[in-house]
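# Results of the structural survey
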Amino acid sequence: MVIYLEKELFKDSNRDDLLLILHLGIKNQTFIQFDDDDEDVKNWQENNNPEGWDEVFRCWISDATKFQQMNKAIVREELLESDWLSGEFPIITLTDAYYLIIKSFELWLENERNDGSFIRCVIDDDVRDRFDQLRSRGRLKLNGLGGIGEMKAVLRLEPKEFGFRNKIFVICDSDAANPSIRDENAEEIVAICNDNKIWHHCLERRAIENYVPINYLADKMNPLQRTNSDLGKKYDAFLSLNINQKNHFHMKNGFKNLGCLNSGLYDSLADDVKTLLEGGFGDKLSEVFSDEDPEIIHNHIHGDGDPELNSIFTKINHFMRVPV
């Protein structure tokens, strides 16, 4: 996250607050940007820890030359109250800038453990290390809302709450039974996030289980077991589906879910394939994301260059980017 300090802020009446924010920047809590060419800014900094201001400016410019820094707040002098929905970036007071910096990043998920493990598999080693470091220091929190309905209800309460726009990222299942129809709850979550400029991603596939690399699980099986066991046969039946059928199959309950059964995607399947997939894969399939090496799963789910997974990875990186 980038805190942009406008030049009018650099005056003695703001000294304590500016040095407090500078300290947070030096401690890698945030990037700090300002007009380094402005003479008034340079003159003020010259008498107020110039080495520190040079350090945070070099840190910001070094990162900005390599990455898009999209999570930003603009700090403005003589502002009575912060405008969290203004324009491309929120425009906030100096006091709110301090509280925004020390506020933890939050990932809002339907299920903290499985969804959080899925995200760790989507991002790569470098970003995962930062993800884990921020979590261990309490600067990133996974907030499991207990399902898509509850997530929608909580978002309805106060989506304009302090810091939502810079510190909260919402990820939800689409629960889409086919490519053209997203679940009503997912649609409303996306609408709330768009209206309030909240970072978010609604999965294009039905749920996180639809990203489990079934081919990897099948290939791990003993060849005889894969050929002769019910699970091996179920894996192969699933792998015979086309891409839309795989992406929108109800992985937990299979055709016992009427939305899946009546979606029209599976009408042409052979009876033996339908029978094998009738009950789905059960409730524990997504535990693959927790139980397996995340980098192995990362390589398998990214193996075909899925643009959506690349998009999730990029969004998360932009959202929680801080100095390291």
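So, a few notes on the structure that sits alongside this text. (Residues numbered from 1 in each chain as written. Predicted model: local features only at pLDDT ≥ 70, side-chain atom pairs only at ≥ 80, totals over all residues. Heavy atoms only, no water.)

## Let's talk about the overall build of the protein chain
- Each helix and strand counted, the protein chain has 18 helices and eight strands in total.
- Its C-alpha atoms give the protein chain principal-axis dimensions of about 80 × 40 × 25 Å.
- The proportion of buried residues among the 324 residues of the protein chain is 52%.
- Look at the contacts in the protein chain between residues 6 or more apart in sequence, and 74% of them connect residues 24 or more apart.
- Surface exposure of the protein chain reaches about 15500 Å², of which carbon and sulfur atoms provide 45%.
- Side-chain charges in the protein chain split into 38 positive and 59 negative, and the spacing between the mean points of these groups amounts to 3 Å. (Helix = DSSP H or I, 4+ residues; strand = E, 2+ residues; numbered from the N terminus. Buried < 20%, exposed > 50% of the residue type's maximum accessible area, 1.4 Å probe, protein only. Contact = heavy atoms within 4.5 Å. Areas by Shrake-Rupley, 256 points an atom, 1.4 Å probe, with all protein chains shown as cover. Lys, Arg positive; Asp, Glu negative; His and termini not counted. Charge placed at Lys NZ, Arg CZ, Asp CG, Glu CD.)

## Re the packing of aromatic side chains
- Scanning the model with the defined rule gives 21 aromatic pairs in all.
- Look at F10 and W53: their rings are 5.4 Å apart centre to centre, the planes differ by 70 degrees, and that puts the pair in the edge-to-face class. Here F10, found in the loop between β1 (2-5) and α1 (15-26), pairs with W53, found in helix α3 (residues 50-64); they are 43 residues apart in sequence, far enough to count as distant.
- With relative accessibility at 7%, the residue F10 sits in the buried group.
- For W53, a relative accessible area of 0% puts it in the buried group.
- Relative to F319, the ring of W199 lies with its centre 5.7 Å away and its plane at 55 degrees, an arrangement referred to as tilted. (Phe/Tyr/Trp six-rings, centres within 6.5 Å; stacked < 30°, edge-to-face > 60°.)

## Side note on helix α5 (residues 112-122)
- Within α5, eight of the 11 residues are buried, leaving the element largely enclosed by the surrounding structure.
- Among the residues making up α5, those that are buried are N114, D115, G116, S117, F118, I119, C121 and V122.
- Two to three positions downstream of the cap, the backbone nitrogen of R113 sits 3.1 Å from a side-chain oxygen, assigning the N-cap of α5 to N111. (Polar contact = N/O pair within 3.5 Å; in protein donor to acceptor, adjacent residues only side chain to side chain.)

## Re the pattern of salt bridges
- Across all of its chains, the model carries 19 salt bridges by this definition.
- A salt bridge links K252 to E209, with the nearest nitrogen and oxygen atoms 3.9 Å apart. With K252 in the loop between α13 (243-248) and α14 (258-261) and E209 in the loop between β8 (199-202) and α10 (214-220), this residue pair connects regions lying 43 residues apart in the sequence.
- Where salt bridges share partners, they join D125, R128 and E295 into one cluster. (Salt bridge = Lys/Arg side-chain N within 4 Å of Asp/Glu carboxyl O.)

## Some remarks on the pairing of β1
- Pairing analysis gives three bridges linking β1 to strand β2 (residues 31-33), with the strands arranged parallel. Its bridge partner lying in β2, I3 is registered against I32. (Pairing = 2+ DSSP bridges.)

## Observations regarding the sheet that holds strand β4 (residues 91-92)
- Taken in spatial order, the four strands line up as β2-β1-β3-β4 in an open sheet, and their pairing is parallel. The sheet is open, and its two edges are formed by β2 and β4, each paired on a single side.
- Lying over the sheet, α3 contacts β1 and β2, oriented at roughly 100 degrees with respect to β2. (Axes fitted to C-alpha atoms, helices over the stretch in contact; angles between N-to-C directions.)

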